[in-house]
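Below are the chains, spelled out letter by letter.
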Amino acid sequence: MMNYESGEPGDRPGEPEPPDPAPAVTARALTAVRGDRTVLRGLDFTLPAGRVTGLLGPSGCGKTTLMRAVVATQAKVTGTLTVLGSPAGHPGLRPRIGYVTQAPSVYDDLTVRQNLDYFAAVLLPGRAHRAGRAAAVDRALADVDLTDHADALAGRLSGGQRSRVSLAVALLGTPDLLVLDEPTVGLDPVLRRDLWDLFHRLAADRGTTLLVSSHVMDEAERCHRLLLMREGAILAEGTPEALRRQSGTTTVEEAFLHLVDTAAHASPEEPRP
Amino acid sequence: MTPARTLATAARVLRQLRHDPRSLALMLLVPCAMLFLLRYVFDGSPGTFDTIGASLLGIFPLITMFLVTSIATLRERTSGTLERLLAMPLGKADLIAGYALAFGLVAVVQSVLATGLAVGLLGLDVVGSPWLLLLVALLDALLGTALGLFVSAFAASEFQAVQFMPAVIFPQLLLCGLFTPRENMAPALEAISNVLPMSYAVDGMNEVLRHPDVTGAFVRDALVVAGCAVLVLALGAATLRRRTT
């Protein structure tokens, strides 16, 4: 793929993965400005279709802004951003992208099922789709393991349950691209494992492309590919294995630290905007 | 705009209200309680009750819907559900019309109760048709919904949103002719009251109070209120942005 022109031999290790398909998202010179701060500084990256790409970096490095740019809710974005073959923000993309914000965005004063029913009606309006909607709602409930809580008010659920309702909403329309902002934050280890299993099932069975952000480096190992971010720039892009091999480290966290140190040595006076 | 999405939005807003019976009860019963109170405050002068009562029948829906809509839309903005909806294939008009439809329906129930109580039990003396009172009340409710939607864009918190009530509603309340006929005000104030929509709502109610038929002035008043509602709704739509910073 064009993005790996460095042609590192380590990019494709002994590989359990099939060769990368065409990218679902391609960004060139992606820049975003919030107020007088440049949050994204000319990023180039691709998201391979049907894979789980992890977006990792410390809090405040621009992960959310990058995701908001991809789903076209971020204003003042420049550069080229192609999503599923159309420029980001194209109205035709709206039914094809699922986006889950960090804070769960659901109606607290509706039950879980009523929340899903409404968002399903927005995605698939009309009487003709009634059966399809009911099936989509049931499947989304099962996907996030909330079938037993379907009739509970969203506001009465625990934080982790509410964020799974928010995730279920994003799964409703069987989106081609799923953008998840820190979906596993604050969840217990069992739930985290279950959710990561779900992400991989979505990629494998439904061909969904996933972009999952996290600031917890140990989740990196669960991704097919990684984008490591720091201060509005992409530090590195590749499989977890390739990143470890390139920096001669045993964990992605060490690789990240190594890359930060190397970058600091290479340009000790990094220009600040 | 898709009618099915508009209706789904209206149904969702009503469902939210159903989970909040206390708010619903306050919306429906407070106007009735106020009218009841007013009737006995002006026990000795039934004429005053007629004028003020009729005016209030127009003002209640405006204030209630203003408050409810500004808080509801603000919650929609702060909870992230607005961003989520605008990232989905939902037209802005679907959302606004959905809200207007749902709260319009609540306003109809509120007005039926208040008008029924005032005319039926409290002896409010209306020369014209009570249906026309209801029509103006509905238009006022739409205006309140529109204003609430619009100002919610300028409120960063629910705390700020309720402060918009005195800022937007009270001046209109003072200048609408509820307390003293608008002709008796200082000329500058009368001029201001001429451009405030609530003045026309109250004028319209008073037309129904005094005339058995639909008068030209009533039609003008109703059209002004409806026009203002549509204008402000359009302004409100402009404050809904798919991309935000």
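Everything quoted here is computed from the prediction, not taken from an experiment. (Residues numbered from 1 in each chain as written. Chains lettered and ligands numbered in written order. Predicted model: local features only at pLDDT ≥ 70, side-chain atom pairs only at ≥ 80, totals over all residues.)

### A word on helix α1 (residues 63-70) of chain A
Alright, step 1. The buried fraction of α1 of chain A amounts to seven of the eight residues, a majority that puts the element mostly inside the structure.
Alright, step 2. Three or more residues of α1 of chain A are buried, namely Lys63, Thr65, Leu66, Met67, Arg68, Ala69 and Val70 of chain A. (Buried ≥ 20, exposed ≤ 12 C-beta atoms within 10 Å, placed from the backbone. Helix = DSSP H or I, 4+ residues; strand = E, 2+ residues; numbered from the N terminus.)

### Focus: the packing of helix α6 (residues 240-247) of chain A against helix α7 (residues 252-266) of chain A
All names here are of chain A.
Alright, step 1. Two numbers describe how α6 lies on α7: the axes approach to 9 Å, and their chain directions differ by 50°. Classified by the angle between their axes, α6 and α7 sit oblique to one another. For the crossing formed where α6 meets α7, the hand is left-handed. Contact with α6, carried on its side by Pro240, Leu243, Arg244 and Ser247, involves Val252, Ala255, His258 and Leu259 of α7 and no other residues of that element. (Axes fitted to C-alpha atoms, helices over the stretch in contact; angles between N-to-C directions. Parallel < 35°, antiparallel > 145°, perpendicular 65-115°, else oblique. Left-handed = near helix turned anticlockwise from the far one by under 90°. Contact = placed C-beta atoms within 7 Å.)

### Focus on the packing of helix α3 (residues 46-78) of chain B against helix α5 (residues 92-121) of chain B
Between two packed helices, the angle of one axis relative to the other and the distance separating the axes together describe the packing.
All names here are of chain B.
Alright, step 1. Between α3 and α5, the least distance of the axes is 10 Å, while the angle of their chain directions is 150°. The pairing of α3 with α5 is recorded here as roughly antiparallel in orientation. Seen from above, α3 lies across α5 with right-handed handedness. Residues Gly53, Leu57, Phe60, Pro61, Thr64, Met65, Val68 and Thr69 of α3 form the contact with α5, whose participating residues are Tyr99, Phe103, Ala107, Gln110, Ser111, Ala114, Thr115 and Ala118.
Alright, step 2. Tallied by class, residues from the contact of α3 with α5 come to ten nonpolar, six polar and no charged. (Nonpolar A, V, L, I, M, F, W, Y, C, P; charged D, E, K, R; others polar.)

### A look at the UniProt feature "transmembrane region" (unreviewed entry) in chain B
Residues and elements named next belong to chain B.
Alright, step 1. The UniProt record annotates "transmembrane region" (unreviewed entry) at residues 24-42, 54-74, 95-119, 131-154, 161-180 and 222-240.
Alright, step 2. Between the C-alpha atoms that bound residues 54-74 the distance is 31 Å, and the span itself is 100% helix and 0% strand.
Alright, step 3. Secondary structure within residues 222-240 divides into 89% helix and 0% strand; the distance between the first and last C-alpha atoms comes to 27 Å. (UniProt positions renumbered as here; feature names shortened; annotations may be inferred.)

### Details of the environment of lysine 76 of chain A
Alright, step 1. Summarising the element assignment, lysine 76 of chain A is placed in the loop between α1 and β4 (77-83).
Alright, step 2. When the C-alpha positions of lysine 76 of chain A and threonine 31 of chain A are compared, they lie 8.3 Å apart, and in sequence the two are 45 residues distant.
Alright, step 3. In contact with lysine 76 of chain A, not counting residues within four places along its chain, are Ala32 and Val33 of chain A together with Thr245 of chain B.

### Focus: unusual backbone geometry
Residue and element names in this part refer to chain A.
Alright, step 1. A positive phi is found at lysine 76, a non-glycine position, where the angle reads about 60°.
Alright, step 2. One non-glycine residue with positive phi stands out, namely glutamate 182, at about 50°.
Alright, step 3. In this structure, glutamate 182 sits in the loop between β7 (177-180) and α5 (189-206).
Alright, step 4. By the C-beta count within 10 Å, which is 22 here, glutamate 182 ends up buried.

### Regarding the interface of chain B and chain A
Alright, step 1. With 23 residues of chain B at the contact, the number on the chain A side is 25 residues.
Alright, step 2. Elements with a contribution of two residues or more to the side of chain B that touches chain A: α1 (3-18) and α4 (81-87) of chain B.
Alright, step 3. The dominant element in the side of chain B that touches chain A, judged by the number of residues it contributes, is α1 of chain B, at six residues.
Alright, step 4. Tallied by class, residues from the side of chain B that touches chain A come to seven nonpolar, eight polar and eight charged.

### Examining the UniProt feature "domain: ABC transporter" (unreviewed entry) in chain A
Alright, step 1. UniProt marks residues 25-256 of chain A with the feature "domain: ABC transporter" (unreviewed entry), using the numbering shown here.
Alright, step 2. The span residues 25-256 of chain A shows a helical share of 34% and a strand share of 27%, and its end C-alpha atoms are spaced 23 Å apart.

### Considering the sheet that holds β7 of chain A
Residues and elements named next belong to chain A.
Alright, step 1. Taken together, the six strands give an open sheet; going across it, the order is β6-β7-β8-β3-β9-β10, and neighbouring strands pair in mixed fashion. The sheet terminates laterally at β6 (97-100) and β10 (233-238), the two strands that pair on one side only. Here the strands of the sheet are splayed against their neighbours by 15° on average, with no regard to which way each runs.
Alright, step 2. Relative to β10, strand β9 (residues 225-230) runs antiparallel, the two being bridged by five bridges. Looking at β10, one finds that methionine 229 is bridged to isoleucine 234.
Alright, step 3. Where helix α4 (residues 159-171) meets the sheet, its contacts fall on β6 and β7, and the angle it forms with β6 comes to roughly 170°.
Alright, step 4. Sitting on the sheet, α5 is in contact with β3 (52-56), β7 and β8 (209-214), with an inclination near 155° to β8. (Pairing = 2+ DSSP bridges.)

### Looking at the UniProt feature "domain: ABC transmembrane type-2" (unreviewed entry) in chain B
Alright, step 1. When the UniProt feature table is mapped onto this chain numbering, "domain: ABC transmembrane type-2" (unreviewed entry) sits at residues 18-243 of chain B.
Alright, step 2. Within the segment residues 18-243 of chain B, helix and strand shares are 79% and 0% respectively, and the terminal C-alpha atoms sit 32 Å apart.

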